[in-house]
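Examination of the molecular architecture
Residue strings, one per chain:
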Amino acid sequence: MRNLKNDIEKVLVSEAEIDAITTRIAAEIDRDYAGDDKKLVLVCILKGSLVFMGDLMKKVTVPVEIDCMKVSSYGKGSESSGQIHIALDLLRPDINTCDLLIIEDIVDSGVTLSHLTKYLALKGAKSVKTCTLLDKPSRRRVEFVPDYCGIEVPDEFVVGYGLDFAEMYRALPFVGVLKPEVYTK
Ligand code: PRP
């Protein structure tokens, strides 16, 4: 049987490090969203954020609701300005009472989250903030700073813990760098 771990050059963020990151961010969320005037909704951006969302929400102790969106950005990796396509929208009649916290696995060019935060604010959300496990600031094409960030990573081909290459590797429990021969084949 093929072992996907053999395709990994090195572990970039270990399971223990991820555990510490989710613990820290959950505490920050608890601190910031305490209070009866808050209605916190964690919005998972499918598919990459699924694993991070699942672990993070278990550690947050303030009351939360959850929701999902599926978004893709056009012109990824190209020089185009970048637009997003919303394949699964947030359909909440109560959005104007919701404090949305968008959960992402990675911020790369920044196109997805910079558009999405504006879109959800225009839809009438009471507040919109962003949380990412990984941030690759060196890849930015638009100015964007996440409100909560797990760890900055270099511009390497990262997979695992939700992140994929050709839909594989998402189930690995750590974030690793893929061997170049895997994606240059
Ligand atoms: C990834 C990631 C973010 C986006 C970040 O999703 O989950 O949504 O790209 O890139 P950006 O900052 O350049 O906009 P992807 O389109 O790979 O879909 P997936 O989560 O389903 O794998």
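Structure: see above.
Owing to the predicted nature of the structure, the values given are computational and were not obtained by experimental measurement.

Examining the overall build of the chain
Within the chain, the secondary structure is distributed over four helices and nine strands. Across the chain, helices and strands are ordered from the amino to the carboxyl terminus as β-α-β-α-β-β-β-α-β-β-β-β-α. A compact globule built from 185 residues should have a C-alpha radius of gyration of about 16 Å, and the chain, at 16 Å, falls within 12% of that. In terms of its C-alpha atoms, the chain occupies a principal-axis envelope of roughly 50 × 40 × 30 Å. With 185 residues in all, the chain has 44% of them scored as buried. Across the chain, contacts joining residues at least 24 apart in sequence account for 67% of those joining residues at least 6 apart. Working note: accessible area of the chain is about 9300 Å², and carbon and sulfur atoms make up 55% of it.

Details of helix α2 (residues 50-59)
All of the buried residues in α2 are Phe 52, Met 53 and Leu 56. Buried residues in α2, looked at end-on, bunch into an arc of 95°, giving them a common side. At its buried positions, α2 is contacted by α1 (15-32), β2 (40-46), β3 (64-73), β5 (99-107) and β6 (127-135).

Quick word on the pairing of β6
In regular strands, side chains alternate between the two faces of the sheet. Here β5 runs beside β6; their pairing, made up of eight bridges, is parallel. Looking across to β6, one finds that Val 107 is bridged to Asp 135. You can see the chain leave β5, run along helix α3 (residues 111-122) and come back into β6, and the turn it takes is right-handed. Pairing of β6 with strand β7 (residues 148-152), which is carried by four bridges, proceeds in the parallel orientation. Note on β7: the bridge partner recorded for Leu 134 is Ile 151.

So, the sheet that holds strand β8 (residues 158-159)
Read from one edge of the open sheet, three strands run β1-β9-β8, paired in antiparallel fashion. The strands lining the two open edges of the sheet, one partner per strand, are β1 (8-13) and β8. Here two bridges tie β8 to strand β9 (residues 175-178), and the two strands are oriented antiparallel to one another. Residue pairing across strands places Val 159 opposite Gly 176, the latter belonging to β9. Each of β1 and β9 touches α1; the most contacted strand, β1, lies at about 25° to it.

Details of the packing of α1 against α2
Remark: α1 packs on α2, axes separated minimally by 8 Å, with the N-to-C direction vectors making an angle of 55°. The orientation of α1 relative to α2 falls into the category oblique. Of the two possible hands of crossing, α1 and α2 adopt the one that is right-handed. Of the residues in α2, those touching α1 at Asp 19, Thr 22, Thr 23, Ile 25, Ala 26, Ile 29 and Asp 30 are Phe 52, Asp 55, Leu 56 and Lys 59.

Conventions we followed
Residues numbered from 1 in each chain as written. Predicted model: local features only at pLDDT ≥ 70, side-chain atom pairs only at ≥ 80, totals over all residues. Heavy atoms only, no water. Helix = DSSP H or I, 4+ residues; strand = E, 2+ residues; numbered from the N terminus. Rg over C-alpha atoms; globule rule 2.2 N^0.38 Å. Buried < 20%, exposed > 50% of the residue type's maximum accessible area, 1.4 Å probe, protein only. Contact = heavy atoms within 4.5 Å. Areas by Shrake-Rupley, 256 points an atom, 1.4 Å probe, with all protein chains shown as cover. Arc of directions from axis to C-beta. Pairing = 2+ DSSP bridges. Right-handed = clockwise from strand over helix to strand, strands pointing away. Axes fitted to C-alpha atoms, helices over the stretch in contact; angles between N-to-C directions. Parallel < 35°, antiparallel > 145°, perpendicular 65-115°, else oblique. Left-handed = near helix turned anticlockwise from the far one by under 90°.

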